[in-house]
Amino acid sequence: MRNPRRWSGWAGCALALAAALAVGACSDERQAGGKKPVDTGGTAVLGELVEPSKPMPLVWESDLDADLVDIMYMGLTRPAWRDGHLVFQTSEASPMAMAWHYEYLAPDSTAIRYHMRSGLRWSDGKPITARDVAWTYRTLKDPRVASPRQSDAAQIDSVVAENDSTVTFHFKRRYPDMVFNSSIHVAPEHVYAGGDPGQIRTHPTLVHPEGGRLVVSGPFLVESWQHGQQMTLAPNPNFSVRPRLARIVIRAEKDRTTALTEMKLGHLDFLRPLGFDQLQELHEQAPNVRVARQEKRYYEYLAWNPLTVPAFRDRDVRRALGQAIDVPYLIEGLKMQDYAVPASGPYPPIFKAVYDSAAMRPLRFDPEAAKRTLEAKGWRDTDGDGVRDRDGKPFRFTLLTNSGNQRRADAVIIVQQQLKAVGVDMQIQQMEYATASSRFYKHEYEAALGSWGVALSPDFSAMWSPRQTFNITSYDNPEVNRLMKEAASQPTEALASPLWRQAAQKIVDDQPYTWLYYYDQLFAVSDRLQGMRIDVYGPYQNAWEWWIPADRQGTPGTGKPQ
Amino acid sequence: MIGYLLRRMLGAIPLLLGILTIIFFIIHLAPGDPTARFFSPQVSPEVIEQMRHNLGLDQPLHIQYLKWMKSFLTGDFGYSLGQGRPISEIMPEVLWNTLQLTLVSLVIIFVVGMLIGIVQAVRQYSVADNVLTVLALFFYSMPTFWFALMLSLIFALKASQWGWPVVLPSSGMATVGTEWLGRGAILRDRLLHLILPATALGIGTAAGVARYMRGAMLEVIHQDFIRTARAKGLSERTVIFKHALRNAMIPIITLLGLYLPFLLSGAVLVETIFAWPGMGSTVVNAIFQRDYPLVMATSFVIAVIVVLGNLLSDVLYAVVDPRIRAE
Amino acid sequence: MLASPVPESLPPAPLPVADDGGFPTDRGGRAWGGAAALVLSWGFLLALLFLSYRRIGATLAGPRVPVDFWVALASLALMVALAAWVTWRVLRRPPAGGRKRGDSQWAIAGRHFRRNRLAMAGLVVMIVLYALTLLTPLLAPYGPADMGTVASSGGLGPSLHHWFGTDKFGRDILSRVLYGSRISLSIGFIAVAISMSLGTLVGALAGYYGGWVDSALMRFTDMMLSFPRLVLLIVVIALFESSIWLVVLVLGLTGWMGTARIVRGEVLSLREREFIQAARALGMEDGRIIFRHIIPNTLAPVIVSATLGIGQTILTEASLSFLGLGVRPPTPSWGNMIADGRDALTQAWWISTFPGLAIVFTVIAFNLLGDGLRDALDPRLRT
């Protein structure tokens, strides 16, 4: 199945991957080591299945918005993912960082002081100062703004601009994520201050960001925007580094099949998301396209809701259902062999440093054991209809998942078949995303198939503490609650990690979910687009370093694939 | 005539208000919520609640309805929750995009449909007639979306694999980069992008028009004045295209307005498949995102178009048929 | 140059507006056609019995016999009985002559209909389709959800084992098309039954009572008509849980407007006819007049629009399933099968193509039948 020629770039990377380096790192190395010159100019065309909407640090809406914010705004430091850890780069290491230095006021202090570079300017020419930072955090905390990142400011007591280039953060307590929470992208005070904070989403610069009206600090600004079609980004002249590309066009693709066609025809330089079922077609028909992946930050799960199905209250029954599902077969059936591994718990492999999910054995496929457990619990097929029953009630439930996701639609069909083999009748219900997710959060479902993309901090208390919205199985284990509370109050990551690890183990023992697999996010990248760094921090993170060889800079739409 | 038109227009107002009221309550009573796309473990429930408050979704339904009605009557459609810009700005864009698509497919429908119908009528019971009848029935009975898929498979995807000289674009309205080229290149690019969706949208209806046209033509051809025209020694071309066609067109022309709702329905699927940023794909997205103001506005515009289409067909009928004007 | 193909000796009266076919037929041809049909149906039934007797035995011996299997067996028995009865009648009675046919409206229409070959073809295809639907559990080589192992039997092209190929899970497309016909055909049938009843009722009430009842009902009808049906359907189905019953109900509740208008028109003219006046003079209740005298006399156009409506409903249902708003997987319906195969069009064309063709042929059959019925039932169109 693998075509060695097309994958050669990959094979070279495999070793590096073992050392937990991402693909992008490899291509970067190649660039630095090889003597190939880097060209400037050219237009990269990126296909996305969602549309950009509000690329602004306080009110961004989608993952794509977040990626755009990441290349349009600077933060005090620039977080990056290296060796399974978040690191925070200062302006020494990244042009995207505003601070050249930061320090804790005392060894166990709850305050951090940042020293900002001089000469920073917004795209409209106004200077970027510490007051912008203070204003951004004040506004973030304002409940009327309802910012999706509001929780980042929850532990921040105050942000004080001491002078134009020095700003100090005072936190409520000492905890591991202090630098992370103070690295949010900074928004320009002079543009947004004074308006109604509740109406910031309809601010003129957000409704019409084009023509550089949206004031940014990062390498790119919005040059034009045809709604429903494409957004064009152009270099911000006031950014310290000149991007190599002349333009980036983000095309709103409505349909994954036509999008793949565009990719194959060479009309696109980049496409996400790429479905696992589309890989083979891409390999066979588009030799000029390579597949890049964002490492396993996501896991797919089956959630058993004990509130609606009494049988799910029994840990052993949940475990038996998990044993009935052949995850390796599922992975093969969904054609994701090279991009997914069976999952064992709430920490995907990117958290190797905290919790080695590979060391924890995933639940083994063992239908006989599953049958034995179910028999022992009184579930027998007494009326010969192929479905187990107890006290006259058949073991039957409905699994809810969202429509519009081919992988999940395929997965539920295989799961249904496998549960049927052990005498459990699972019905399938698909609802579109908005309805399905609100059902999950209101616990109005029986079983659910979904997936989580984890936050980059090991703190998972939002998902496993009682009465949290995202605790969709109403999981409540006093021991786990205690461990999570203790872990969250540790001053450093090194002290917190063992506690998180213990909590995770307890959760795995209870099997509130059946964890299916950890999987990569896939992207298609054309062979002319160079220098992309893709890791858990998203594919856009170094867009100013992307480049296209001079001889291939013609508009992609007009050329035919060779 | 003008009095009649005014009466019809006034009569349409309660009708439109009724439609909007029904849609309003259906979408608001249904499960789901415009803030659902913000749900993620990183966003706290309080933030979601605040968003709902900012959008006025925490008020009782009848208050929301009165508020919406009030701003609607003052001509303010509000902001789209999904796109975050005024609907008065979105609507002309998507409407114009859909109009381009529908107008081109209307041309296809009438030119292709009428030509086929004429050929069939003139050569009634010939091999050509039977073949065309079967073909028309085939296209008429074909699901639009399936035909659209097959078109994009053959003319966009396979065409490039097989190395055809022309590969038709199957997605969007413009090729990247054309905006820097000349006006002529932009127009040509747009027309290329229109071919597949307009064909997919129009072909079934064209088959329907062909059926009507054949019937209407047959009826006219056997009338006395055609025999007279022939007897006068007029060429067959003049007889068919000047005398017969003009009379046979009366019932066909009136179809023009009636096909509009049909085309708009079809546009939902075709625009989704070909990623054409028009009314159809907008309304589907708005429904899925629970973008209440946008759903209301698109429903309103669609209903207005349909009402106008009905009116148009009445007016056309009066224009082409003098007997009706006299009444 | 267009030559004149029209002979000079045509009758002066206008020809039917929408005749399809109208090829000359001769009685001998009909007799042969009938014989061939009989032989074919016996052949089919016997072949089916021969091929499926093992499966019947195995299933009956099994612990639990599914309901649809009983239905299939009963249908099979019924079909055999029907074929036997027809054969017996044909053999007993000489092909020509016989007793004189009655001249009721329906008898005349029947004669006209039988003369229309294309319409008869549509009728035959329709009967065969419903027969296949009923017999599916006996006919389908595999279950609709039976998967092989994904690696070895997924995505196979058409072959002797799988006539229509398999999909990515290794499910047999032929079986799924057969099982899918149940969904499409029954949804079409039930939804149209709902919309025809509703439309007839609304039209009859509006036409019979007139006045404010008429204007209120017709305003409402106009309102429903002013909305593209597909958009309305998407709104309702996307907003609530999609299930087969919701789809049927919503399709039924949004398809009655055309019928209501036709029926109203008919009733308006019927209302002034003598027999209705007489019934009124006799002091009959309104309900009785409407149901006993008005509605039966409006049936002809209703039947025509119902037949054409089934075709349209099947198309609409397929569109909804295609958008993911129809029947829940893994239950196959033609629409969701096309959607399933869409991503693999270039590699596995068979997944989308066969259900698509099934839709096309079914809808063609209903359209032919509807056109034929219209020609036969509408006296104005008769030659």
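To start, this report covers the structure provided alongside it. (Residues numbered from 1 in each chain as written. Chains lettered and ligands numbered in written order. Predicted model: local features only at pLDDT ≥ 70, side-chain atom pairs only at ≥ 80, totals over all residues. Heavy atoms only, no water.)

## Digging into the overall build of chain A
Argument step 1. Scanning chain A from terminus to terminus reveals 17 helices and 19 strands.
Argument step 2. For 562 residues, the compact-globule estimate of 2.2 N^0.38 gives 24 Å, and the C-alpha radius of gyration of chain A, at 25 Å, lies within 12% of that figure.
Argument step 3. Expressed as lengths along the three principal axes of its C-alpha atoms, the size of chain A is roughly 80 × 60 × 45 Å.
Argument step 4. Counting contacts in chain A only where the partners sit at least 6 residues apart, residues at least 24 apart contribute 67% of the total.
Argument step 5. If you sum the accessible surface of chain A, you get close to 20,800 Å²; carbon and sulfur atoms cover 50% of it. (Helix = DSSP H or I, 4+ residues; strand = E, 2+ residues; numbered from the N terminus. Rg over C-alpha atoms; globule rule 2.2 N^0.38 Å. Contact = heavy atoms within 4.5 Å. Areas by Shrake-Rupley, 256 points an atom, 1.4 Å probe, with all protein chains shown as cover.)

## Focus: the overall build of chain C
Argument step 1. Per the secondary structure count, chain C includes 15 helices and 0 strands.
Argument step 2. For chain C, buried positions account for 48% of its 383 residues.
Argument step 3. Partitioning the contacts of chain C with sequence separation of at least 6, the portion at a separation of at least 24 is 74%.
Argument step 4. In the form shown here, chain C has an accessible surface area of approximately 18,400 Å², with 69% of it arising from carbon and sulfur atoms. (Buried < 20%, exposed > 50% of the residue type's maximum accessible area, 1.4 Å probe, protein only.)

## A closer look at the interface of chain A and chain C
Argument step 1. On the side of chain C, 23 residues touch chain A, which itself brings 28 residues to the contact.
Argument step 2. Taken over both partners, the interface formed by chain A and chain C buries close to 2,300 Å², and the fraction arising from carbon and sulfur atoms is 45%.
Argument step 3. For the chain A face of the interface with chain C, the top three residues by lost area are Tyr 329, Ile 413 and Gln 417 of chain A, together amounting to 20%.
Argument step 4. On inspection of chain A and its partner chain C, the count reaches 0 salt bridges.
Argument step 5. If you look at where chain A meets chain C, you find 0 residue pairs in polar contact (both at pLDDT 80 or more).
Argument step 6. Elements that contribute at least two residues to the side of chain A that touches chain C include exactly helix H8 (256-264), helix H9 (279-285), helix H11 (327-333), helix H13 (406-421) and strand E17 (425-431) of chain A.
Argument step 7. Among the elements that line the side of chain A that touches chain C, the one with the most residues is H13 of chain A, at 6 residues.
Argument step 8. Looking at side-chain class alone, the side of chain A that touches chain C contains 5 nonpolar, 11 polar and 12 charged residues. (Buried area = accessible area lost by both parts, 1.4 Å probe. Salt bridge = Lys/Arg side-chain N within 4 Å of Asp/Glu carboxyl O. Polar contact = N/O pair within 3.5 Å; in protein donor to acceptor, adjacent residues only side chain to side chain. Nonpolar A, V, L, I, M, F, W, Y, C, P; charged D, E, K, R; others polar.)

## Observations concerning unusual backbone geometry
Argument step 1. Between Arg 272 of chain A and Pro 273 of chain A the backbone carries a cis peptide bond, its omega angle lying at -10°.
Argument step 2. Secondary-structure assignment places Pro 273 of chain A in the loop between strand E11 (270-272) and H9.
Argument step 3. For Arg 467 of chain A, which is not glycine, the phi dihedral falls at a positive 65°.
Argument step 4. For Ala 275 of chain B, which is not glycine, the phi torsion reads 50° and is therefore positive.
Argument step 5. In this structure, Ala 275 of chain B sits in the loop between helix H9 (236-274) and helix H10 (279-289).

## Describing the environment of Val 284 of chain B
Residues and elements named next belong to chain B.
Argument step 1. On the secondary structure map, Val 284 appears in helix H10.
Argument step 2. Residue Val 284 is classed as buried on the basis of its relative accessible area, which comes to 6%.
Argument step 3. Separated by 261 residues in the primary sequence, Val 284 and Ile 23 place their C-alpha atoms 14 Å from one another.

## Observations regarding the sheet that holds strand E7 (residues 166-171) of chain A
Adjacent strands of a sheet pair through backbone hydrogen bonds, lying either parallel or antiparallel.
Residues and elements named next belong to chain A.
Argument step 1. Strand order in the open sheet formed by 4 strands is E4-E5-E7-E6, and the pairing between neighbours is antiparallel. Strands at the two margins of the open sheet, each flanked by one partner only, are strand E4 (99-104) and strand E6 (156-163). Adjacent strand axes in the sheet meet at a mean angle of 20° when their direction is disregarded.
Argument step 2. Where E4 and strand E5 (residues 111-116) come together, 5 bridges link them in antiparallel fashion. Bridge pairing in E5 links Glu 103 to Arg 113.
Argument step 3. Where helix H4 (residues 130-141) meets the sheet, it contacts E5, E6 and E7, and its direction lies at approximately 160° from that of E6. (Pairing = 2+ DSSP bridges. Axes fitted to C-alpha atoms, helices over the stretch in contact; angles between N-to-C directions.)

## With respect to the interface of chain C and chain B
Argument step 1. Across the boundary between the two partners, chain C contributes 54 residues, which contact 56 residues of chain B.
Argument step 2. Across the chain C/chain B interface, buried area totals approximately 5,100 Å², and carbon plus sulfur atoms make up 74% of it.
Argument step 3. Here chain C and chain B share 1 salt bridge between them.
Argument step 4. The residue Arg 211 of chain B makes a salt bridge to Asp 371 of chain C at a minimum N-O spacing of 3.0 Å.

## Some words on the side chain of Arg 272 of chain A
All names here are of chain A.
Argument step 1. Within the fold, Arg 272 resides in strand E11.
Argument step 2. Of the polar contacts made by the side chain of Arg 272, one reaches the side chain of Asp 67; its length is 2.5 Å.
Argument step 3. Not counting chain neighbours up to four residues away, the residues in contact with Arg 272 comprise Gly 47, Glu 48, Leu 49, Asp 63, Leu 64, Asp 67, Leu 522, Phe 523 and Pro 539.

## Some details on the pattern of salt bridges
Argument step 1. If you walk through the whole model with that rule in mind, you get 39 salt bridges over all chains.
Argument step 2. Close ionic contact of Asp 316 of chain A with Arg 315 of chain A constitutes a salt bridge, the shortest N to O distance being 3.6 Å.
Argument step 3. Note that Glu 49 of chain B is salt-bridged to Arg 52 of chain B, the shortest N-O span being 3.9 Å. One end of the pair is Glu 49 of chain B and the other is Arg 52 of chain B, both in helix H2 (residues 45-54) and 3 residues apart, which spans about a single turn.
Argument step 4. What you see here is one network of salt bridges that share partners, running through Asp 314, Arg 315, Asp 316 and Lys 377 of chain A.

## A few points about the pairing of strand E18 (residues 447-453) of chain A
All names here are of chain A.
Argument step 1. Counting buried positions over the 7 residues of E18 gives 6, a clear majority of the element.
Argument step 2. With 7 bridges joining them, strand E12 (residues 289-304) and E18 adopt antiparallel strand pairing. Looking at E18, one finds that Tyr 299 is bridged to Trp 452.

## Details of the packing of helix H7 (residues 211-225) of chain C against helix H10 (residues 257-271) of chain C
Residue and element names in this part refer to chain C.
Argument step 1. At a closest axis distance of 9 Å, the pairing of H7 and H10 adopts a crossing angle of 145°. The handedness of the crossing between H7 and H10 is left-handed. For the pair H7 and H10, the contacting residues are Asp 214, Met 218, Thr 221, Asp 222, Met 224 and Leu 225 in the first and Met 257, Ala 260, Arg 261 and Arg 264 in the second.
Argument step 2. Its residues assigned to classes, the contact of H7 with H10 shows 5 nonpolar, 1 polar and 4 charged. (Left-handed = near helix turned anticlockwise from the far one by under 90°.)

## Quick notes on H2 of chain B
Argument step 1. Along H2 of chain B, the residues that are buried comprise Val 47, Ile 48, Gln 50, Met 51 and Arg 52 of chain B.
Argument step 2. Once H2 of chain B finishes, Gly 56 of chain B follows within two positions and takes phi at roughly 75°, a positive value.

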